[in-house]
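Take a look at the letters that make up each chain.
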Amino acid sequence: LKQNTLIMLLRNIDPHEGLCNGTRLVCTSLKSNVIDVVICSSEFSANQVFLHRIWFRVENNLNCPIFFFL
């Protein structure tokens with residue numbers, strides 16, 4: 001991610017605040033555990049929100065052609 005780039009949310013984090021799957025956001029700043037974004041689509045446009053870091057745990061499978069580095 002870079003500052004001032006357009007990103008799309010891939011998870012339903014808080015639908016009541018407009019943070020659902022497919023929401024377009026603009027990244028305004030990156031911190032170590034938080035991404036500061038502004039919503040640029042839907043009725044919640046121009047709202048500033050902070051997205052917390054979500055840790056994913058992926059176990060590598062020998063049958064999967066993709067190896068995940070964590």
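In this report, the structure presented in the accompanying data block is examined.

### With respect to the nonpolar core
Core analysis: the largest hydrophobic core is formed by nine residues, namely I7, L9, L19, L25, V37, I39, F44, V49 and L51. Elements with a contribution of two residues or more to this core: β3 (34–39) and β4 (48–52). If we ignore the near neighbours within four places in the chain, the residues touching F44 are H16, E17, G18 and I39.

### Description of the sheet that holds strand β1 (residues 6–8)
Taken in spatial order, the four strands line up as β1-β2-β3-β4 in an open sheet, and their pairing is antiparallel. Two strands bound the open sheet, and with one partner strand each, they are β1 and β4. Within the sheet, the average angular offset between the axes of one strand and its neighbour, ignoring direction, is 45°.

### Comments concerning the side chain of S41
Here S41 shows up in the loop between β3 and β4. By relative accessible area, which is 11% here, S41 ends up buried. At 3.2 Å, the side chain of S41 forms a polar contact with the backbone nitrogen of R24. In this structure, S41 is in contact with T23 and R24, ignoring residues within four places of it in sequence.

### Focus: unusual backbone geometry
For N4, which is not glycine, the phi dihedral falls at a positive 65°. Its identity as a non-glycine residue notwithstanding, S42 has a phi of 70°, on the positive side. Assignment of secondary structure puts S42 in the loop between β3 and β4. Exposure remark for S42: the relative accessible area of 49% places this residue in the partly exposed category.

### Considerations on the pairing of β4
Going residue by residue along β4, you find V49 and L51 tucked away on one face and Q48, F50 and H52 left uncovered on the opposite face. Here β3 pairs with β4 via five bridges, running antiparallel. Bridging from a neighbouring strand, D36 pairs with F50 of β4.

### Overview of the pairing of β3
Across five bridges, the pairing between strand β2 (residues 24–30) and β3 is antiparallel. Looking at β3, one finds that S29 is bridged to D36. Counting the residues that bridge the hairpin from β2 to β3 gives three residues.

So, how was this worked out
- Residues numbered from 1 in each chain as written.
- Predicted model: local features only at pLDDT ≥ 70, side-chain atom pairs only at ≥ 80, totals over all residues.
- Heavy atoms only, no water.
- Core = buried A, V, L, I, M, F, W, Y, C linked by side-chain atoms within 4.5 Å.
- Buried < 20%, exposed > 50% of the residue type's maximum accessible area, 1.4 Å probe, protein only.
- Helix = DSSP H or I, 4+ residues; strand = E, 2+ residues; numbered from the N terminus.
- Contact = heavy atoms within 4.5 Å.
- Pairing = 2+ DSSP bridges.
- Axes fitted to C-alpha atoms, helices over the stretch in contact; angles between N-to-C directions.
- Polar contact = N/O pair within 3.5 Å; in protein donor to acceptor, adjacent residues only side chain to side chain.

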